[in-house]
Amino acid sequence: MAKLDTSRDASLFPILGQSSEPARLNGIARLAAHAPHSDSGHLVEFRALNVRSILNKTASKRLVWMAHSINPYRGCEFGCKYCYARYTHEFMELRDPLAFERLIFLKQNAAWLLEQELRHIDPADEIALGTATDPYQPIERRARITRSILEVFARHSGFHLGIVTKSPLITRDIDLLTEIARRNRLVVHLTITTPDAALARLLEPRAPRPDLRLAAVKELRQAGIATGILCSPLLPGITDTEEAIDRMARLAAEVGASFFAANPLFLKPCSRPTYMSFVREHFPSLEPEYARRFDHADFAAADYRRKLSQIVERARLRHKIGRRFSDDDSLLPSPGSTRKPSLSAEGPPQQRLFA
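Because the structure is predicted, anything quoted here is derived from the model rather than measured. (Residues numbered from 1 in each chain as written. Predicted model: local features only at pLDDT ≥ 70, side-chain atom pairs only at ≥ 80, totals over all residues. Heavy atoms only, no water.)

1. Notes on helix H9 (residues 242-254)
Structural remark: α-helix, 3.6 residues per turn; residues separated by three or four positions point the same way.
Here comes step 1: Across its 13 residues, H9 extends 18 Å between first and last C-alpha, which sits within 8% of the 18 Å expected from 1.5 Å per residue.
Here comes step 2: Taken together, the buried positions of H9 are occupied by Ile245, Asp246, Met248, Ala249, Leu251 and Ala252.
Here comes step 3: Taken together, the buried residues of H9 touch helix H8 (210-222), strand S10 (227-230), strand S11 (260-261) and helix H12 (302-318).
Here comes step 4: Looking one or two residues past H9, Gly256 carries a phi angle of roughly 75°, positive in sign. (Helix = DSSP H or I, 4+ residues; strand = E, 2+ residues; numbered from the N terminus. Expected span 1.5 Å × (residues − 1). Buried < 20%, exposed > 50% of the residue type's maximum accessible area, 1.4 Å probe, protein only. Contact = heavy atoms within 4.5 Å.)

Right, here's the structure in full:
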């Protein structure tokens, strides 16, 4: 297995077994430092992480709608160039940008922890699975942590659960998803940044091909599961044109997606080196424009966001796809109902999983 570059940051040493100073670490960093080797893959190492909680209360000012999040893993094998979650490894004193995709932590006893924690929350609170790392990254085939979490929800009723993934592996769990949807409110989001396989391979080097994700949406919809497509993030000068967005909306309609939504790129400081390296290598003419947009801001300007929102809305209407579900519960089947969600829901575009 290739080793991470530890020459730039001594704080990587305890995680990679090259230091005798783990005592100076606290909290999650200390847990990570003592995490034993669990598995290995191509350029990836997996460690077993004995966490104290699996259900995280959301403190994000950007995701104010979401009460709780679940991430079965810390780190993600897909290696998306724009990933905003790389900063989460910094909490473990892992500051090499590659650490997030090369050193993955598997949360132990996830199902047992979730069973205990669900007793203490309001079932009406919205829970999102896969907000920082993909719950269906390749290691899930062997570790099956996500499946164990779904088994817990399948035994309960009345919860509001959203799942976000880039992987068709989710179709493995259609049996559990069907049972969850019968007894709870469930919405699945498949993220497809671009239908262009060559571009996707550059942007998301170890994520499944876009056509496989589209096929997964179709299979989930045929199983009666509310499933839509997130064409996110929209990348300035690359995937944010009306033609590109319309193409993605057309493909979403062809596979029967419940809804179509998209959000513009935002670049946290932890994401900029990796993403800007991608721009310099593959779209060098765009580098000055990205510098202008993001050198002093993480988020796109308001007028640009409005423009993209209008393009997405036109594409959605043109191809007769629903918006993401509104707060009106009539747009989602009630627990125990066999009625499928409406695909023609109207209302202002939202930025929520259950929007």
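Next, the rest of the story.
2. A word on H12
Here comes step 1: In a regular helix each residue adds 1.5 Å, so 17 residues correspond to 24 Å; H12 covers 24 Å between its end C-alpha atoms and thus fits that length.
Here comes step 2: When H12 is considered as a whole, its buried residues turn out to be Tyr304, Leu308, Ile311, Val312, Glu313, Ala315 and Arg316.

3. Looking at the confidence of the model for the chain
Here comes step 1: Overall, the predicted model of the chain reaches an average pLDDT of 83, with 77% of residues at or above 70.
Here comes step 2: Every residue in residues 1-20 scores below 50 in pLDDT, and together they form 45 contacts with partners more than four places removed in sequence or on other chains.
Here comes step 3: Segment residues 326-355 is flagged for pLDDT under 50; beyond a separation of four residues in sequence, or across chains, it makes 68 contacts in the model. (pLDDT = per-residue confidence, 0-100.)

4. A closer look at the environment of Arg95
Here comes step 1: For Arg95, the position within the fold is in the loop between strand S5 (73-74) and helix H2 (99-102).
Here comes step 2: C-alpha separation for the pair Arg95 and Cys270, spaced 175 residues apart in sequence, amounts to 9.0 Å.

5. Re the packing of aromatic side chains
Here comes step 1: A complete count under the given rule lists 7 aromatic pairs for this structure.
Here comes step 2: Aromatic rings pair up to connect Tyr275, Phe278, Phe283, Tyr290 and Phe294 into one cluster.
Here comes step 3: Above the face of the Tyr87 ring, Lys268 is positioned so that its terminal group lies 4.8 Å from the ring centre.
Here comes step 4: In this structure, Arg293 is placed above the aromatic ring of Tyr304, and the distance from its NZ or CZ to the ring centre is 4.3 Å. (Phe/Tyr/Trp six-rings, centres within 6.5 Å; stacked < 30°, edge-to-face > 60°. Lys NZ or Arg CZ within 6 Å of the ring centre and 35° of its normal.)

6. Topic: the nonpolar core
Here comes step 1: Grouped together as the largest cluster of nonpolar side chains are 67 residues, with contacts concentrated most on Phe153, Ile163, Ile229 and Phe260.
Here comes step 2: For this core, the element with the most residues is helix H5 (residues 145-154), which contributes 6 residues.
Here comes step 3: In this structure, Ile163 is in contact with Leu129, Pro135, Tyr136, Leu150, Ile170, Leu177, Leu186, Val187, Val188 and His189, ignoring residues within four places of it in sequence.
Here comes step 4: By size, the runner-up hydrophobic cluster in this structure holds 21 residues, among which are Ala207, Leu235, Tyr275 and Met276. (Core = buried A, V, L, I, M, F, W, Y, C linked by side-chain atoms within 4.5 Å.)

7. Remarks on the state of the cysteines
Here comes step 1: Applying the stated rule across the entire model yields 0 disulfides.
Here comes step 2: Considering cysteine sulfurs only, Cys76 is the nearest to Cys80, which forms no disulfide, with 6.2 Å between them.
Here comes step 3: Cys83 carries a free sulfur, and the closest cysteine sulfur to it, the one in Cys80, is 6.4 Å from it. (Disulfide = S-S within 2.5 Å.)

8. Observations concerning the pairing of strand S7 (residues 126-129)
Here comes step 1: Along S7, one buried face is formed by Glu126 and Ala128 and the opposite face, lined by Ile127 and Leu129, is buried too.
Here comes step 2: Two strands pair when backbone bridges link them, and strand S4 (residues 68-70) and S7 are joined in this way by 3 bridges, in the parallel orientation. Bridged to Ser69 within S7 is Ala128.
Here comes step 3: Relative to strand S8 (residues 160-165), S7 runs parallel, the two sharing 4 bridges. Considered in S8, the bridge of Ile127 is made with Leu161. (Pairing = 2+ DSSP bridges.)

9. Things to note about the packing of helix H10 (residues 272-282) against helix H11 (residues 287-294)
Here comes step 1: In contact at an axis separation of 10 Å, H10 and H11 are set at 155° when each is read in the N-to-C sense. Relative to H11, H10 is oriented roughly antiparallel. Taken together, the residues of H11 that come into contact with H10 (itself represented by Arg272, Tyr275, Met276, Val279 and Arg280) are Glu287, Tyr290 and Phe294.
Here comes step 2: Residues of the contact of H10 with H11, tallied by class, amount to 5 nonpolar, no polar and 3 charged. (Axes fitted to C-alpha atoms, helices over the stretch in contact; angles between N-to-C directions. Parallel < 35°, antiparallel > 145°, perpendicular 65-115°, else oblique. Nonpolar A, V, L, I, M, F, W, Y, C, P; charged D, E, K, R; others polar.)

10. Description of the sheet that holds S10
What holds strands together in a sheet is hydrogen bonding between their backbones, with the strands either parallel or antiparallel.
Here comes step 1: Taken in spatial order, the 7 strands of this open sheet run S3-S4-S7-S8-S9-S10-S11, and their pairing is mixed. Either end of the sheet is taken by a strand with one partner, and the two such strands are strand S3 (56-57) and S11.
Here comes step 2: Here S3 runs beside S4; their pairing, made up of 2 bridges, is antiparallel. Bridge assignment links Asn56 to a residue of S4, and that residue is Ser69.

11. Points about the environment of Pro168
Here comes step 1: Relative to the elements of secondary structure, Pro168 occurs in the loop between S8 and helix H6 (174-183).
Here comes step 2: In this structure, the C-alpha to C-alpha distance between Pro168 and Glu219, residues 51 residues apart in sequence, is 9.4 Å.
Here comes step 3: Beyond its immediate sequence surroundings of up to four residues, Pro168 is in contact with Pro208, Leu212, Arg213 and Ala216.

12. A word on unusual backbone geometry
Outside of glycine, negative phi angles account for most residues, and trans bonds account for most peptide bonds.
Here comes step 1: At the junction of Ser232 and Pro233, the peptide bond is cis and its omega measures out at -5° in the coordinates.
Here comes step 2: Of note, Pro233 is situated in the loop between S10 and H9.
Here comes step 3: Residues other than glycine seldom take positive phi values, yet Asn109 does so here, at roughly 60°.
Here comes step 4: Structurally, Asn109 can be placed in the loop between strand S6 (103-107) and helix H3 (110-117).
Here comes step 5: With a phi close to 55°, Arg144 is a non-glycine residue in the positive phi region.
Here comes step 6: Residue placement: Arg144 occurs in the loop between helix H4 (140-143) and H5.

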